[in-house]
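Coordinate analysis (summary)
So the chains spell out like this:
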Number of protein chains: 2
Amino acid sequence: MAMSSKPRVVIIGAGFGGLTAAREVARLPVQVTLLDRRNHHTFQPLLYQVATAGLSPGEIAAPIRWILKSQSNIEVLLEEVVDFDLQEKKVITREQSFEFDYLIIASGATHAYFGHEEWEPLAPGLKTIEDALEIRRRVLLAFELAERQAAQSDTEPALQFVVVGAGPTGVELAGTLAEIARHAMTHQFRKIQPQQTRILLLEGGPRVLPAYSEELSRKAEQQLNRLGVEVRTSQIVTGVEPGAVRVGTQKISASVILWAAGVAASPLGGKLHVPMDRAGRVFVRPDLSLQSHPNIFVIGDLAALNGDNGAPLPGVAQVAIQQGKFAAQTIGRDLAGQPRKNFHYHDKGSLATIGRAAAVAQIGRFELSGYFAWLAWLFIHILFLIGFRNRIVVMINWAWAYLTYERGARLITGSNDLPGWNSAQRQPSQQDAKEISIRRRA
Amino acid sequence: MAMSSKPRVVIIGAGFGGLTAAREVARLPVQVTLLDRRNHHTFQPLLYQVATAGLSPGEIAAPIRWILKSQSNIEVLLEEVVDFDLQEKKVITREQSFEFDYLIIASGATHAYFGHEEWEPLAPGLKTIEDALEIRRRVLLAFELAERQAAQSDTEPALQFVVVGAGPTGVELAGTLAEIARHAMTHQFRKIQPQQTRILLLEGGPRVLPAYSEELSRKAEQQLNRLGVEVRTSQIVTGVEPGAVRVGTQKISASVILWAAGVAASPLGGKLHVPMDRAGRVFVRPDLSLQSHPNIFVIGDLAALNGDNGAPLPGVAQVAIQQGKFAAQTIGRDLAGQPRKNFHYHDKGSLATIGRAAAVAQIGRFELSGYFAWLAWLFIHILFLIGFRNRIVVMINWAWAYLTYERGARLITGSNDLPGWNSAQRQPSQQDAKEISIRRRA
C-alpha cells in the first residue's frame, strides 16, 4: 500500500494516554498502529462501580477499534508487546514485530505488592475489567456464604471487609462497600444482617487521600465514617493470609481483602534498558522522549517526570491525556521541521468520590466536599464516558441506584470458592453423602 | 423459630419453573428453601444476545434473592445439590443437607454431545451466563485474530462460523452472527472484510426449527438466507476437532464452532433412582409427582410427561412456568385436604427469533413470520424480563442497536487463545525475540 511510505507511528496501550495520542497523531500524514493486549478501552475511573455491582463491564468499556473507527489511518491490533529492538526500530509482540519511525509507549501501571506478589491471589487489586469482576464475585459471594453458614449453624458469621490503601481507589471501594452492606443487601437475607458488616480501611500513611489537602482528608474521613467505614491510619500491612491481614503483631480477620495500596509501572519499561525510578517509571526528557532515542516517547503512568513545581506528576488520567496529545503534537513539529517544546502539565483539579452523595474536590485553591463535590464528580464522569449509548445507560443505572439503593449487576460468575473462607463445615455433609450411598448399596 | 413447625418445601433450581413454584407456594403457610448453585436467575430466551455482544449479563440476569425479597417465608441459598436421601426426606448439597416435607425439583437441562463430551471445549453450547461470555469471547476474538494474521501476512484468512443444530437457539445464534458480520463489524477493521464471513448452520434433520410447521420452517430458512446464513440440512456431525467439523467424510473448516444440537436433562434426575427416558428426563405422574414419592415433584426440562395430544411436552419456558405453578397449587390442595388434579399444558404459542426484523410465530393455527413476528417477539420478551430497570436498559440497548447496527457489549475478557486457530505464525517472532536477546548479550 502507498500508506507504508508515510512515517509509521506505533502506539502501545489504549488507555487514556495511548488513545488520546492515537486520535491526535492520526491527523498528521502518518500511518498509526495501536497495539493493546485487550480489545477494549476501560474507563478506569468507573471500574470501582463494576467491582461493586453498580454497573456492567459493557457500560464502562468500549472496543478500541469502535472508538477509532472513523480514523482510517489507524490500525488497531490485539497484540501483547513483550520486547523492543531499539537498534532495528522494532516493537516485538508475542506473534510478530512492528517497525516504527516513532514509538509512543503508554502501557500504564499495575498493582504493587511491595515485593509480596504472593498476596495478590488473596487480595486482588483493581486495574482491569477482569479484576473488577473478581472483586465483585468475592464481595457478593461473602454474603452468600455467610447466609449459607448461618443456615447450617444458626450462628451469624461476622463479615468484615478490609480495604488496604486509602488513595482514591481504596476510598471509593470502601465507601461503596459500606453503602451496599447498609442498603442494597438489606431485606434480602433471612439469617444474616448485611448492615452489620464491618468495613475497614487501612492506610499506611497518617491520613486518607494523601494527595489532597489536610482539610479535605479530614472531610473525606468524616464522610467515610458517616457511610459506615472504619478508617485506621498509620497501619502498615505486614502480612496477608487466607481470611486475615496482619498489621505488626495484630491479626485482623477479613472475609474479603481488597488491595489498593500501591501501583508499579508496567514491566515493559524495563525492556527499554534506560534509567527508571524506584516504581519502575521511565525517566523522560522534558519533551517526553527518551534521552537515547528522541523518536520514542513514554507517557502516562509509565513516565517519570516532575511538574513545574518540582514534584513528580501524579498517575492520573489528566496527565496521561495531556501527555498523549503533547507527544502527538511533537511528532507533528518534527515532521514540519519545527523545534520541539517542553511539556507543561495544566492541573485542572482533582476529584475523589467516596460514596453516595459524598466526594471531595480540589480545583486550584478552591476546595469542595460533600453533596456538591459528588454532583460535580458525577457530571464530569458521565460527560467523559466514551460512547453516547453508554452515557444514557449509565445515567439510568445511577438514577435507579440512587432512588432505590439497589445495585443492578449483582451477578456471581465463575467459581463459588472464596480464599480463607472456613469450609470446615464441608466435611460432615460429604460424610453424610457417603453414609447414604453405603446405606443404599446395603 | 416458630416457622420451622410449618411444612418445609424445598425447591431445587431457580429457572422459570423453580422461581414460579417458589413464588406460588410461598402464599401457603409453609417455609420455603430455594437452592441454586448460582446466585442469579438467567432469562434464558435472551442469552443469545449476551453471546452475540448485544446485551450485558447484568441486563438479562438478576439475583434470585432480589427477585424474591418481599416473600419473607422464602429462604434462598447458594448450594449445589449433589444427592438425595429419599428415605430420610433429605436433599444433600456439597455443604450440608436439607429436610423437606415437599420437594420440587426444577434443575433443568444441559447440553448433550451424544456421548462425545470431548467436543464440548471445542464447540461450546449456550445455557448459562458463563457459556454466553465464552461464546462472545470466541466470536469477537476470531475477528481480532484474523485482522492480526492479515497484518502479518497480507493475506486475508477466511472466517467461517459453524453453528451445529437448527432449533431455536441455533437459528437465533446463526442469524445474529450474520447480522454482526454484515453490519456491526464493518468499517472497523483495516485488513479484513468482516462481511465476507461465512455463517454455516448445520442441521441433522430435514429442516430448520423442526418444532414448527413446514411452512414456517421454509420461511425461517428464507429469512436466514436473506440475513446471509448458509443453511445445510440432513447434515449429521460425526466429528469436532480444533478448527473443523466433520460431516461424514467431509471436513468443514471453522474459525468458531457453536453447539446447539441437543439437550440432556440435569444429571440430578439420575440420583432419584426412578425410571427415566432416553434424554435422562424423569417420568412423572399426571400430577407431576413421582410414582414412588407423592411429595416429590419434578417439573420443567427435567420432567418427562406427554401432553393432551399424546406427544411429549416441549422443553420451553411456558411448560416450566405452568408446571411450577401447578406443583405449588397441588401442595396447597394437599394441605387443604383436597384431592389432587392432573396437569394440563395450555399452549400459548411459540415464537422464534431469527435476527434483525426476522422471526416466526405459531399461535394455535395462526402463523406469522417476518417483521410482525419479530415485533411480537420483542414485545413479549421485554415484557417478561425480570426487573423494571433491566427492561428500560434493554429497550435502550435494542433501540440503539436497531438504529445504528452496533453491538454495545463487544468486550473480550479472559484468554486471548482460540482452539484450532492456526498459531504457526507464532514461532518466527519468538525466534526474533531470541535472536535479539542474543544480540544484546553479545
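Provided above is the structure to which this section pertains.
As the structure is a prediction and not an experimental result, all values here were calculated from the model. (Residues numbered from 1 in each chain as written. Chains lettered and ligands numbered in written order. Predicted model: local features only at pLDDT ≥ 70, side-chain atom pairs only at ≥ 80, totals over all residues. Heavy atoms only, no water.)

All names here are of chain B. A sheet is described by the order of its strands in space; here three strands give the open sequence β6-β7-β8, paired in antiparallel fashion. Here the strands that pair on one side only, and so sit at the sheet edges, are β6 (81-85) and β8 (97-99). Strand-to-strand, the axes of this sheet are offset by a mean angle of 20 degrees, without reference to chain direction. Sheet analysis places strand β7 (residues 90-93) next to β8, joined by three bridges and oriented antiparallel. (Pairing = 2+ DSSP bridges. Helix = DSSP H or I, 4+ residues; strand = E, 2+ residues; numbered from the N terminus. Axes fitted to C-alpha atoms, helices over the stretch in contact; angles between N-to-C directions.)

On to the sheet that holds strand β14 (residues 237-241) of chain B, then. Residues and elements named next belong to chain B. In space, the three strands of this open sheet follow the order β14-β15-β16, with antiparallel pairing throughout. At either end of the open sheet lies a strand with only one pairing partner, and these are β14 and β16 (250-253). With direction set aside, neighbouring strand axes in the sheet form an average angle of 20 degrees. Both strand β15 (residues 244-247) and β16 contribute to a ladder of four bridges, which runs antiparallel. Each bridged residue has a counterpart across the sheet, and for R246 the counterpart in β16 is K251.

Moving on, we get to the relation of the copies chain A and chain B. Take chain A, turn it by 180 degrees, move it 0.0 Å along the axis, and it overlays chain B with an RMSD of 0.0 Å. Taken together, the rotation and translation describe the operation of a two-fold axis. Interface overlap between copies is the fraction of interface residues in one copy that are interface residues in the other; for chain A against chain B it reaches 100%, indicating a shared surface. (Least-squares fit on C-alpha atoms with pLDDT ≥ 70 in both. Contact = heavy atoms within 4.5 Å.)

This part takes up the pattern of salt bridges. Under the criterion given, the structure shown has 43 salt bridges over all chains. For E80 of chain A, the salt bridge goes to R94 of chain A, with nearest N and O atoms at 3.2 Å. Highlighted residues: E80 of chain A in the loop between β5 (74-78) and β6 (81-85) and R94 of chain A in the loop between β7 (90-93) and β8 (97-99), separated in sequence by 14 residues. Here E80 of chain A falls in the partly exposed class, since its relative accessible area comes to 27%. Residue classification places R94 of chain A among the partly exposed residues on the basis of a relative accessible area of 37%. Note that R8 of chain B is salt-bridged to D101 of chain B, the shortest N-O span being 3.4 Å. In this pair, R8 of chain B is assigned in strand β1 (residues 8-12) and D101 of chain B in the loop between β8 and β9 (102-105), connecting sequence segments 93 residues apart. (Salt bridge = Lys/Arg side-chain N within 4 Å of Asp/Glu carboxyl O. Buried < 20%, exposed > 50% of the residue type's maximum accessible area, 1.4 Å probe, protein only.)

What follows covers the interface of chain A and chain B. Every contact between the two is made by 74 residues of chain A and, on the other side, 74 residues of chain B. Interface of chain A and chain B: buried area, both sides summed, is about 6600 Å²; carbon and sulfur atoms make up 51% of it. It is R65, E95 and R389 of chain A in chain A that bury the most area against chain B; as a group they hold 11% of the surface buried on that side. Notably, a salt bridge pairs E144 of chain B with R65 of chain A, separated by 2.8 Å at the nearest N-O pair. Counting across the interface, chain A meets chain B through 31 residue pairs in polar contact (both at pLDDT 80 or more). (Buried area = accessible area lost by both parts, 1.4 Å probe. Polar contact = N/O pair within 3.5 Å; in protein donor to acceptor, adjacent residues only side chain to side chain.)

Residue and element names in this part refer to chain A. One pass over the full model with this rule turns up 24 aromatic pairs over all chains. Look at F326 and F343: their rings are 5.5 Å apart centre to centre, the planes differ by 70 degrees, and that puts the pair in the edge-to-face class. Placement of F326 in helix α8 (residues 317-335) and of F343 in the loop between α8 and β22 (350-355) is noted, with a sequence separation of 17 residues between them. Both residues of the pair, F326 and F343, belong to the buried class. Each member of the aromatic cluster is reached from another via a ring pair, and the members are Y113, F114, W119 and W259. (Phe/Tyr/Trp six-rings, centres within 6.5 Å; stacked < 30°, edge-to-face > 60°.)

Another point: the pairing of β15 of chain B. Residues and elements named next belong to chain B. In this sheet, β15 lies alongside β14 in antiparallel orientation, the contact comprising four bridges. In the sheet register, V237 faces β15, and the bridge partner there is V247. Linking two consecutive strands that pair antiparallel, namely β14 and β15, is a turn of two residues; a positive phi of about 85 degrees is found at G243 within it.

Here we take up helix α1 (residues 16-25) of chain A. With nine of its 10 residues buried, α1 of chain A lies for the most part within the structure. Within α1 of chain A, burial applies to F16, G17, G18, L19, T20, A21, A22, E24 and V25 of chain A.

Residues and elements named next belong to chain A. One can find Q160 in strand β11 (residues 160-164). Accessibility expressed as a relative area gives 9% for Q160, which makes it buried. As a C-alpha pair, Q160 and Y113 span 47 residues in sequence and 21 Å in three-dimensional space. Beyond its immediate chain neighbours, meaning those up to four positions away, Q160 contacts R198, L200, I252, S253, A254, S255 and V256. Reaching out from Q160, the side chain makes a polar contact with the side chain of R198 at a distance of 3.3 Å.

Turning our attention to a nonpolar patch on the surface. Residues and elements named next belong to chain A. The grouping of F379, I380, L383 and F384 at the surface amounts to a nonpolar patch, some 410 Å² of accessible area in total. Here F379 lies in helix α9 (residues 371-384). The exposure class assigned to F379 is exposed, which follows from its relative accessible area of 56%. (Patch = residues over 30% accessible without salt bridge, like charges linked within 9 Å, V, L, I, M, F, W, Y side chains within 5 Å. Areas by Shrake-Rupley, 256 points an atom, 1.4 Å probe, with all protein chains shown as cover.)

The next point concerns helix α6 (residues 168-184) of chain A. Compared with the 24 Å implied by 1.5 Å per residue over 17 residues, the 22 Å span of α6 of chain A between its first and last C-alpha is a close match. Within α6 of chain A, 13 of the 17 residues are buried, which leaves the element mostly enclosed by the surrounding structure. (Expected span 1.5 Å × (residues − 1).)

Residues and elements named next belong to chain B. Following both chains from N to C, one finds helix α1 (residues 16-25) and helix α8 (residues 317-335) inclined at 30 degrees, their axes separated by 7 Å at the closest point. Here α1 is positioned roughly parallel relative to α8, judged by the angle of their axes. In the crossing of α1 with α8, the sense of the turn from one axis to the other is right-handed. Side by side, α1 and α8 meet where F16, G17, T20, A21, E24 and V25 of the first sit next to A317, A320, I321, G324, K325, A328, Q329 and I331 of the second. Each residue belonging to the contact of α1 with α8 can be placed in one class, and the counts come to eight nonpolar, four polar and two charged. (Parallel < 35°, antiparallel > 145°, perpendicular 65-115°, else oblique. Left-handed = near helix turned anticlockwise from the far one by under 90°. Nonpolar A, V, L, I, M, F, W, Y, C, P; charged D, E, K, R; others polar.)

All names here are of chain B. Turning to its location among the elements, F100 is positioned in the loop between β8 and β9. Since its relative accessible area comes to 1%, F100 is described here as buried. C-alpha of F100 to C-alpha of W398: the two residues are 298 residues apart in sequence and 44 Å apart in space. Discounting residues that sit within four places of it in the chain, F100 has contacts with R8, V10, K89, K90, V91, N295 and I296.

No statement about biological role is implied by the geometric values presented.
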